[in-house]
Amino acid sequence: MIDLKDYRTYWEGIANRIPMITSCMGVTVDDDMGPRLQDIPMETATLFWIVPNAQTRKGAGIDDYQEDNTCVIFVMTKYDRQRRSAVEALELVQPVMECIKGLLMEDMAGGCPTLAGLDVGTLSTIPETGFYNDFAGWSLGFTLKSE
């Protein structure tokens, strides 16, 4: 399993490097997000990181024990559905998600220990709309291998 404190610190660092991100929150499950969303200002980008789950890799034994950590982050914006469409909200935060992906690649290439096991082939970006009725944005899923 990856070190959760290092993982949290990494995402807080990413949020600090991207001026458009106004807050960064770690959450455990979907239900944990609801109450925290109410205080977020309209049309700002919020980075949510979900606590990863870890699964032992198939075929792993005592000598080569490894886990695949399934990681998901969200970049979301709260928007007024009467003034902006979900697609416009996606357009607003798409550059933020693209910046995050670029920073992931840079950090991995630069030897960031948190990303040492990043499986680039697992990166998956998905649009998210209708999230708690007035949020839209992007999710990014990927796998981090750990020992």
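In this text, all values refer to a predicted model and were calculated from it rather than measured experimentally. (Residues numbered from 1 in each chain as written. Predicted model: local features only at pLDDT ≥ 70, side-chain atom pairs only at ≥ 80, totals over all residues. Heavy atoms only, no water.)

### Observations concerning the pattern of salt bridges
This is how the line gets drawn: In the sections that follow, a salt bridge refers to a side-chain nitrogen of Lys or Arg positioned within 4 Å of a carboxyl oxygen of Asp or Glu. The cut-offs for exposure are 20% and 50% of the maximum accessible area for each residue type, with area from a 1.4 Å probe on protein chains only; residues under the lower value are buried, those over the upper are exposed, and the others partly exposed. Put simply, DSSP H or I for four residues or longer makes a helix, DSSP E for two residues or longer makes a strand, and each gets a number counted from the N terminus.
Tallied over the entire structure, the rule returns seven salt bridges. Of the charged contacts, one joins aspartate 80 and arginine 83 as a salt bridge, the two residues approaching to 3.6 Å between their closest N and O atoms. Its relative accessible area of 74% is what places arginine 83 among the exposed residues. For glutamate 98, the salt bridge is made with lysine 101, and the minimal N-O distance between the two is 3.0 Å. Residue glutamate 98 and its partner lysine 101 are located together in helix H3 (residues 86-109), separated by three residues, close to a single helical turn. One network of salt bridges, in which partners are shared, links Asp68, Asp119 and Lys145.

### Some details on the packing of aromatic side chains
Rules: Note on aromatic contacts: the rings of Phe and Tyr and the six-membered ring of Trp form a pair at centre separations within 6.5 Å, being stacked when their planes are under 30 degrees apart, edge-to-face when over 60 apart, and tilted otherwise.
Summed over the entire model, instances satisfying the criterion amount to four aromatic pairs. The interplanar angle of 80° and the centroid separation of 6.0 Å between the aromatic rings of tyrosine 7 and tryptophan 11 together place this pair among those described as edge-to-face. Taken as a pair, tyrosine 7 and tryptophan 11 lie in helix H1 (residues 4-17) at a separation of four residues, close to a single helical turn. Owing to a relative accessible area of 0%, tryptophan 11 belongs among the buried residues under this scheme. Relative to tryptophan 11, the ring of tyrosine 10 has its centre 5.1 Å away and its plane inclined at 80°; by these criteria the two rings are edge-to-face. The rings of Tyr7, Tyr10, Trp11, Trp49 and Phe142 are connected pair by pair, giving a single aromatic cluster.

### Some points on H3
Note the cut-off: By definition here, a helix of n residues has an expected span of 1.5 Å times n minus one. A residue's bend is the angle separating two fitted axes: one through the seven residues that end there, the other through the seven that start there. Note on contacts: a residue pair qualifies if any of its non-hydrogen atoms lie within 4.5 Å across the two residues.
Relative to the 34 Å expected for 24 residues at 1.5 Å per residue, H3 spans 34 Å between its end C-alpha atoms, a close match to the ideal helical length. Along its length, H3 reaches its greatest deviation from straightness, about 40°, at valine 93, and the proline proline 95 lies no more than four positions downstream. The set of residues buried in H3 consists of Ala89, Leu90, Val93, Val96, Met97, Ile100, Lys101, Leu103, Leu104 and Asp107. Looking at the buried residues of H3, the elements they touch are H1, strand S1 (21-27), strand S2 (45-50), strand S4 (67-78), strand S5 (118-131) and strand S6 (135-146). Directly after H3, the chain includes glycine 111, whose backbone phi takes a positive value near 85°.

### Considering the packing of H1 against H3
Test applied: Where helices are involved, their axes are fitted lines through C-alpha atoms of the stretch in contact, as for all axes, and angles between N-to-C directions lie from 0 to 180°. Oblique is the label for every angle not falling under 35 degrees (roughly parallel), over 145 degrees (roughly antiparallel), or within 65 to 115 degrees (roughly perpendicular). Take the far helix as the reference: if the near one is turned anticlockwise from it by less than a right angle, the crossing is left-handed, and if turned clockwise, right-handed.
Where H1 contacts H3, the axes come no closer than 11 Å and their chain directions differ by 120°. Judged by the inter-axis angle, H1 sits oblique to H3. At the point where H1 passes H3, the crossing takes the right-handed sense. Between H1 and H3, the contacting residues are Tyr10, Trp11, Ile14 and Arg17 on the first element and Ile100, Leu103, Leu104, Glu106 and Asp107 on the second.

### Topic: the environment of glutamate 67
Within the secondary structure layout, glutamate 67 lies in strand S4. Classification of glutamate 67 by relative accessible area gives buried; the value is 10%. Sequence separation between glutamate 67 and glycine 117 is 50 residues, and the spatial gap between their C-alpha atoms is 10.0 Å.

### Re the pairing of S2
Formally: Paired strands, as defined in this entry, are two strands with at least two bridges between them according to DSSP.
Among the six residues in S2, six count as buried, and that is most of the element. As paired elements, S1 and S2 share six bridges and run parallel to each other. The residue bridging glycine 26 from the neighbouring strand is tryptophan 49, located in S2. With five bridges connecting them, S2 and S4 associate as antiparallel partners. Directly across from leucine 47, in S4, lies its bridge partner valine 75.

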